[in-house]
Amino acid sequence: MKISGNINLPGDKSISHRALMFASLTNGECVIHNISTGEDVESTRKCLAQCGIQSTKLENKVKITGGAFSIPSRPLDCGNSGTSIRLLAGLLSGKGITAEFIGDDSLSMRPMNRIIEPLIEMGVKIDSKNGYLPLAIKPEIVKGFSFSPSIASAQVKSCIMLAGFGAEGETIITEKVKTRDHSEIILKELGAPVSTNGKIKVEALSTSLQPFNMTIPGDPSSAAFFATAAAIIPNSSLTIKNILANPTRIGFFDVLKKMGGGVEWKNMHKECGELVGDVHVYWAPLNGIDITAEMVPSVIDELPIIAILATQADGPTSISGAEELRVKECDRIKAVCENLTAMGGEIIEKKDGFIINPPSRLYNTNIKTFGDHRIAMSFTIAGLLTESSNILDDEDCINISFPEFNSVLHKISQ
Ligand code: S3P
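Residues numbered from 1 in each chain as written. Predicted model: local features only at pLDDT ≥ 70, side-chain atom pairs only at ≥ 80, totals over all residues. Heavy atoms only, no water.

## Quick word on unusual backbone geometry
The linkage connecting Leu133 with the following residue, Pro134, adopts the cis geometry, with an omega of -5°. Residue placement: Pro134 occurs in strand β8 (residues 132-139). In this model, Asn130 sits at a positive phi of 50°, which is unusual for a non-glycine residue. Note that Asn130 resides in the loop between β7 (124-129) and β8. According to the relative accessible area criterion, Asn130 is exposed, its value standing at 72%. Of note in the backbone geometry, Asn242 takes a positive phi value of approximately 55° without being a glycine. With respect to the helices and strands, Asn242 occurs in strand β14 (residues 237-244). (Helix = DSSP H or I, 4+ residues; strand = E, 2+ residues; numbered from the N terminus. Buried < 20%, exposed > 50% of the residue type's maximum accessible area, 1.4 Å probe, protein only.)

## Some remarks on the site of the ligand
Near the ligand you find Ser14, Arg18, Thr83, Ser153, Ala154, Gln155, Arg180, Ile300, Asp301 and Lys328, and these make up its full shell. Between an oxygen atom of the ligand and a main-chain N or O atom of Ala154, the distance comes to 2.9 Å. Among the elements of the structure, α1 (13-24) and α5 (154-164) are those that each provide at least two residues to the shell around the ligand. In terms of residue class, the shell around the ligand is made up of two nonpolar, four polar and four charged. (Near = heavy atom within 4 Å. Polar contact = N/O pair within 3.5 Å; in protein donor to acceptor, adjacent residues only side chain to side chain. Nonpolar A, V, L, I, M, F, W, Y, C, P; charged D, E, K, R; others polar.)

## Details of helix α12 (residues 405-412)
Quick reminder: α-helices carry 3.6 residues per turn. Residues three or four places apart thus point the same way. Regarding α12, the residues found buried are Phe405, Val408, Leu409 and Ile412. Burial along α12 is one-sided: seen end-on, the buried residues are contained in an arc of 100°. Set apart from the buried face of α12 by more than 90 degrees, the exposed residues are His410 and Lys411. Buried residues in α12 make contact with β1 (4-8), α7 (220-232), β14 and α11 (373-383). (Arc of directions from axis to C-beta. Contact = heavy atoms within 4.5 Å.)

## So, the packing of aromatic side chains
Tallied over the entire structure, the rule returns seven aromatic pairs. With 5.9 Å between their ring centres and 80° between their planes, Phe225 and Phe405 make a pair best called edge-to-face. With Phe225 in helix α7 and Phe405 in helix α12, the pair connects residues that are 180 residues apart, well separated along the chain. This pair shows no difference in class: Phe225 is buried, exactly as Phe405 is. In this structure an aromatic cluster arises from ring pairing among Phe225, Phe226, Phe402 and Phe405. (Phe/Tyr/Trp six-rings, centres within 6.5 Å; stacked < 30°, edge-to-face > 60°.)

## Notes on the sheet that holds strand β20 (residues 353-356)
Ordered by their spatial adjacency, four strands build an open sheet running β17-β18-β20-β19, and the pairing between neighbours is mixed. Each edge of the open sheet is held by one strand with a lone partner, namely β17 (290-291) and β19 (347-350). Two elements, β19 and β20, share four bridges in a ladder whose sense is antiparallel. Note on β20: the bridge partner recorded for Ile347 is Ile356. (Pairing = 2+ DSSP bridges.)

## Side note on the pattern of salt bridges
Taken as a whole and assessed by the stated rule, the structure comprises 23 salt bridges. For Glu140, the salt bridge is made with Lys138, and the minimal N-O distance between the two is 4.0 Å. Take Lys138: its relative accessible area is 45%, and that puts it in the partly exposed class. The closest approach of N and O atoms between Asp331 and Arg326, which form a salt bridge, is 2.9 Å. Several salt bridges converge on common partners, so that one network encompasses Arg110, Arg180, Asp301, Glu329, Arg332, Asp372 and Arg374. (Salt bridge = Lys/Arg side-chain N within 4 Å of Asp/Glu carboxyl O.)

## Here's the deal with α5
Counting buried positions along α5 gives eleven out of eleven residues, so the element sits mostly inside the fold. Within α5 the residues assigned to the buried category are Ala154, Gln155, Val156, Lys157, Ser158, Cys159, Ile160, Met161, Leu162, Ala163 and Gly164. Two to three positions downstream of the cap, the backbone nitrogen of Gln155 sits 3.3 Å from a side-chain oxygen, assigning the N-cap of α5 to Ser153.

## Let's talk about the environment of Ser407
Its place among the elements puts Ser407 in helix α12. For Ser407, the side chain forms a polar contact with the main-chain oxygen of Glu404, separated by 3.0 Å.

## Remarks on the side chain of Ser106
Examined against the element boundaries, Ser106 turns out to sit in the loop between β6 (99-102) and α4 (113-121). A distance of 2.8 Å separates the side chain of Ser106 from the backbone oxygen of Glu329, its partner in a polar contact. If we ignore the near neighbours within four places in the chain, the residues touching Ser106 are Asn80 and Glu329.

## Quick look at the environment of Cys51
Residue position: Cys51 is located in the loop between α2 (39-50) and β3 (55-58). Given the relative accessible area of 1%, Cys51 is considered buried. Apart from the residues within four sequence positions on either side, Cys51 is in contact with Ala68, Phe69, Ser70, Pro72, Leu76 and Leu92.

## Overview of the packing of α2 against helix α3 (residues 82-95)
Each pair of packed helices can be summarised by the angle the axes make with each other and by the distance between the axes. It is at 10 Å that the axes of α2 and α3 come closest, and there the two elements cross at 25°. In terms of their interaxial angle, α2 and α3 are classed as roughly parallel. In the packing of α2 onto α3, the handedness of the crossing is right-handed. Facing α2, whose interface residues are Asp40, Ser43, Thr44, Cys47 and Leu48, α3 presents Ser84, Leu88 and Leu91. (Axes fitted to C-alpha atoms, helices over the stretch in contact; angles between N-to-C directions. Parallel < 35°, antiparallel > 145°, perpendicular 65-115°, else oblique. Left-handed = near helix turned anticlockwise from the far one by under 90°.)

## Comments concerning the packing of α5 against helix α6 (residues 182-189)
Direction vectors running N to C along α5 and α6 enclose 35°, while the axes themselves pass 9 Å from each other. Here α5 contributes Lys157, Ser158 and Met161 to the contact with α6, which in turn contributes Ser183, Glu184 and Leu187. Of the residues belonging to the contact of α5 with α6, the class tally is two nonpolar, two polar and two charged.

## Focus: the environment of Gln54
Counting through the fold element by element, Gln54 comes out in the loop between α2 and β3. Residues Gln54 and Glu404, 350 residues apart in the sequence, show an inter-C-alpha distance of 26 Å.

In short, geometric facts, not functional conclusions.
What follows is the structure, given as structure tokens:
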């Protein structure tokens with residue numbers, strides 16, 4: 001079996017959430033093409049509808065009309081989506097909208113203090129279950145402030161930027177390590193009062209943004225699964241077209257290249273300020289590398305699939321400074337270590353990452369996904385290295401980000 005073909009992928013999840021939220025700040029109809037078809041982005045769309053921001057969806061195209069927000073009559077259910085709760089909490093705080101947020105079991109176990117503390121500093125009244133969902137916001141007079149987050153998180157940064165649109169005075173954010181910067185890039189492109197010059201500065205949004213049409217570039221985090229398959233199965237060659245190539249998001253491809261993998265970018269262009277290109281990935285012998293803290297934000301969602309990649313390298317790969325992985329959709333350090341060990345791989349768990357000792361002959365087994373879409377997809381790809389395939393305890397969780405995953409994998413497997 002080998003991996004080959006030319007594919008286009010559904011739109012980037014992070015940009016899809018943001019496109020919907022930024023459209024809500026316009027004064028007319030926006031059309032968003034190639035939006036992520038995953039359940040997470042639907043959570044954002046449904047929560048916005050409950051706040052009076054109406055939209056219609058036909059396959060991967062959404063028409064959404066910005067304008068006045070209303071107070072939701074029921075709690076906003078963010079499902080599994082950390083981006084929905086954290087960004088919407090900022091957006092609604094800036095809009096002065098009182099709301100309560102709930103989520104599924106996984107989201108209810110994820111820390112919210114990282115947004116609660118800065119929002120309280122801005123003057124938002126917040127009730128939560130000791131820093132976890134359910135969380136209620138009651139924005140009164142919101143004030144701008146200078147914020148230097150202790151955790152590298154684009155969700156926290158974007159939350160505070162959106163709250164800053166409704167604040168008196170300027171909001172200034174200083175990041176120690178740069179995280180994905182879609183909010184900054186796209187908001188600037190849409191003419192919002194955002195500037196970036198070392199620090200991110202946000203001023204009150206005194207008038208609505210102009211309605212926009214946008215095509216969301218393919219999701220590089222989804223692309224990483226197929227790129228890994230192409231990189232570890234001899235004779236493979238795969239081109240993934242129109243993929244988001246924002247430097248804060250393509251750490252996976254940089255890592256693959258450093259490991260000796262075949263990676264070539266072509267046809268670079270911009271879409272709504274974001275860099276987009278076609279990436280060609282092909283099999284080549286791999287070596288192990290060290291992934292350190294400053295690289296982590298650009299590969300944060302790809303670390304589980306990088307673990308699979310690393311099992312096929314010549315020499316160990318170590319990942320450190322990635323303790324944030326423990327508070328994602330599941331504890332991804334534990335999930336990767338347990339499942340890879342069950343497949344016969346050699347992996348050492350660390351508090352802030354893991355070390356993989358190849359070469360590993362992997363065996364198919366039963367996989368515990370912990371309901372986490374990225375664990376499910378990573379171990380489906382790992383199954384390609386076995387004589388059969390892995391059996392997942394929950395296939396449906398893949399729909400959280402990438403319902404098309406299995407059909408695309410089938411199409412490129414020859
Ligand atoms: C996201 C930021 C990252 C990432 C998540 C999406 C975003 O989370 O893991 O999948 O869209 O801003 P953190 O900001 O918590 O690191």
